[in-house]
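Next come the chains, spelled out residue by residue.
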Amino acid sequence: MERDYDDVSTAEILARSGVSRGALYHHFPSKLALFRAVFEAGERRAIELVAVEAAGPGTPFEILLESARAYLRQAETNEEMRRIGLMQSRAVLGWEGWREAATELGVGVTLALVSAAIAAGELPPHDPETLSLVVLGALIEAAMLIAVAPDRAAARERAEAVVVDLLEGLRR
């Protein structure tokens, strides 16, 4: 997390982890596969943190809105999410590899939240998968703005206001 993927050698990973090259390659066929596993584990942790923050009573739309806010707070404060999940993952995995991994993680959560809000009549009856991808795309780009900002708190406030307006604009 301290340095970019290209700046860390396999030899350094072995030395810091205390495992042999054979043990590493037994579990991960490449340094890239190891990075993907680290990325996915970090994303799962971030999703859990968002779920905890957004838990509570509310309508499906209110839970979706609070989840979006919680995700943006994570982009502001969670260094692992910022460095690996947002900044390095696309560059290292490439857009297609990143999209595949993101689909397995964040899209599923977003799809469940959006589907519940549609079923409750709080969002228009658009195709849930399409709406989920558009909502998640907006959230990820807002999170990227936060991740690279010199003042992440101010960037989160600005991005959150826009995301809330976007979601509220969809609300029925």
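Attention in this report is confined to the structure presented alongside it. Numbers given to residues run from 1 along each chain, matching the order in which its sequence is written. With pLDDT at 70 or above as the cut-off, local features in this predicted model cover only qualifying residues; side-chain atom pairs require 80 or more to be listed or tallied, and sums for whole chains, interfaces and linings still use all residues. With hydrogens and water set aside, each side-chain value is computed from the structure's full complement of heavy atoms.

**Some points on the pattern of salt bridges**
Between Lys or Arg on one side and Asp or Glu on the other, a salt bridge is scored when a side-chain nitrogen of the former is within 4 Å of a carboxyl oxygen of the latter. Per the stated rule, a full pass over the model turns up 15 salt bridges. Put simply, D4 and R83 hold a salt bridge, and the shortest N to O gap is 3.4 Å. Of the two residues, D4 is situated in the segment before α1 (10-17) and R83 in helix α5 (residues 79-119); the sequence distance between them amounts to 79 residues. Burial classes: relative accessible area under 20% of the type maximum marks a residue as buried, over 50% as exposed, and values in between as partly exposed (1.4 Å probe, protein chains only). Under the relative-accessibility criterion, D4 is labelled partly exposed at 37%. By relative accessible area, R83 is classed as buried at 15%. In this structure, E80 and R45 form a salt bridge, with 2.5 Å as the shortest nitrogen-oxygen distance. With a gap of 35 residues between them, E80 in helix α5 and R45 in helix α3 (residues 31-54) connect regions that are remote in the sequence. By sharing partners, the salt bridges in this structure join R69, E76, R156 and E160 into a single network. For helices the rule is a DSSP run of H or I covering at least 4 residues; for strands it is a run of E covering at least 2, with both sets numbered from the N terminus onward.

**Things to note about the nonpolar core**
Here, nonpolar core means buried Ala, Val, Leu, Ile, Met, Phe, Trp, Tyr and Cys residues that are tied together by side-chain atoms lying within 4.5 Å of each other. Judged by nonpolar contacts, the single largest core of 43 residues is most densely connected at Y71, L72, L86, L123 and L167. Elements with a contribution of two residues or more to this core: α3, α4 (60-77), α5, α6 (128-148) and α7 (152-170). If one sorts the elements of this core by residue count, α5 sits on top with 13 residues.

**Examining the packing of α3 against α5**
Every angle, taken between N-to-C directions, lies between 0 and 180 degrees, and every axis is a line fitted to C-alpha atoms, over only the stretch in contact when it is a helix. One can describe the packing of α3 onto α5 by two numbers: an axis separation of 9 Å at closest approach and a directional angle of 70°. One finds that α3 runs roughly perpendicular with respect to α5. Each residue gets one label: Ala, Val, Leu, Ile, Met, Phe, Trp, Tyr, Cys and Pro are nonpolar, Asp, Glu, Lys and Arg are charged, and the others, such as Gly, are polar. Here the residues of the contact of α3 with α5 are counted per class, giving 14 nonpolar, 6 polar and 8 charged. Throughout this description, any angle smaller than 35 degrees is read as roughly parallel, any larger than 145 degrees as roughly antiparallel, any in the 65 to 115 degree range as roughly perpendicular, and the remainder as oblique.

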